[in-house]
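Working through the structure, step by step
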Amino acid sequence: MTLTDEILDRLGDPGLEQFAGMLGTCTATTRTVLQVVTGTVVGGLARNTDDPDGAEALRGALEDHVDADPFNGDVASLTRDGQSILGHVLGAQGTEQAAAELSRLAGADPAALMKILPLVAPMVMSVLACHAAEHDMDARDVADVLHREQAALPLRLTDFVESLLDGVYGPPAPLRARTRPRPQVDW
């Protein structure tokens, strides 16, 4: 089971319907959007772990999310935590870019996506943190899991997520010119 599958499973139909209400879309479209949002967060985390310091910082940050339950938490604290995570993963401008791209995919208002992104990010961190703790993963193991998760995204969504991440980070190394600042990787 992928992280995305686990998140969708833990949300269940009631959670999926709540997100659908926020987006103003059907649950099938919402499921796709949540797959892409999760893939975007996972992909951003994976790109941050390409740097060993970023991987170590992420592994340390996961400790703060082991006991968190974003599936039953209050929306205000979940949103604050999610905004912090997204700031580290995508940066503020990257988060806005992601919301704009995702809104085109979903046919939804970008403002709705700006509400959903910070709700999903802590879910990704929580599920990843539990896996890391259960399997005693070090930073490199976490990076490997993230890259496998990124590769497990349904093929029809992979290009979309890669394009979105390339817009935030630039093309993956070694093709990337080091002229664009990367989002902050210290947690």
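Structure: above.
Residues numbered from 1 in each chain as written. Predicted model: local features only at pLDDT ≥ 70, side-chain atom pairs only at ≥ 80, totals over all residues. Heavy atoms only, no water.

Some remarks on a negative patch on the surface
- On the surface, D50, D51, D53, E56, D136, D138 and D141 cluster together into a negatively charged patch.
- Within the secondary structure, D50 sits in the loop between α2 (27-48) and α3 (52-62). (Patch = residues over 30% accessible without salt bridge, like charges linked within 9 Å, V, L, I, M, F, W, Y side chains within 5 Å. Areas by Shrake-Rupley, 256 points an atom, 1.4 Å probe, with all protein chains shown as cover. Salt bridge = Lys/Arg side-chain N within 4 Å of Asp/Glu carboxyl O. Lys, Arg positive; Asp, Glu negative; His and termini not counted. Charge placed at Lys NZ, Arg CZ, Asp CG, Glu CD. Helix = DSSP H or I, 4+ residues; strand = E, 2+ residues; numbered from the N terminus.)

Details of the packing of helix α5 (residues 91-106) against helix α8 (residues 155-169)
- Their axes nearest at 9 Å, the elements α5 and α8 cross at an angle of 150°. Judged by the inter-axis angle, α5 sits roughly antiparallel to α8. The interaxial crossing formed by α5 with α8 has right-handed handedness. Contacts between α5 and α8 pair G94, Q97, A98, E101, L102 and L105 from the former with F160, L164, G167 and V168 from the latter.
- Of the residues in the contact of α5 with α8, the class split is six nonpolar, three polar and one charged. (Axes fitted to C-alpha atoms, helices over the stretch in contact; angles between N-to-C directions. Parallel < 35°, antiparallel > 145°, perpendicular 65-115°, else oblique. Left-handed = near helix turned anticlockwise from the far one by under 90°. Contact = heavy atoms within 4.5 Å. Nonpolar A, V, L, I, M, F, W, Y, C, P; charged D, E, K, R; others polar.)

Describing α2
- Taking 1.5 Å as the rise per residue, α2 with 22 residues should run 32 Å; its terminal C-alpha atoms sit 31 Å apart, in good agreement.
- Of all 22 residues in α2, 18 are buried, a share of seventy percent or more. (Expected span 1.5 Å × (residues − 1). Buried < 20%, exposed > 50% of the residue type's maximum accessible area, 1.4 Å probe, protein only.)

A word on the environment of R156
- For R156, the location among the structural elements is in helix α8.
- Residue classification places R156 among the exposed residues on the basis of a relative accessible area of 57%.
- Not counting chain neighbours up to four residues away, the residues in contact with R156 comprise T32 and Q35.

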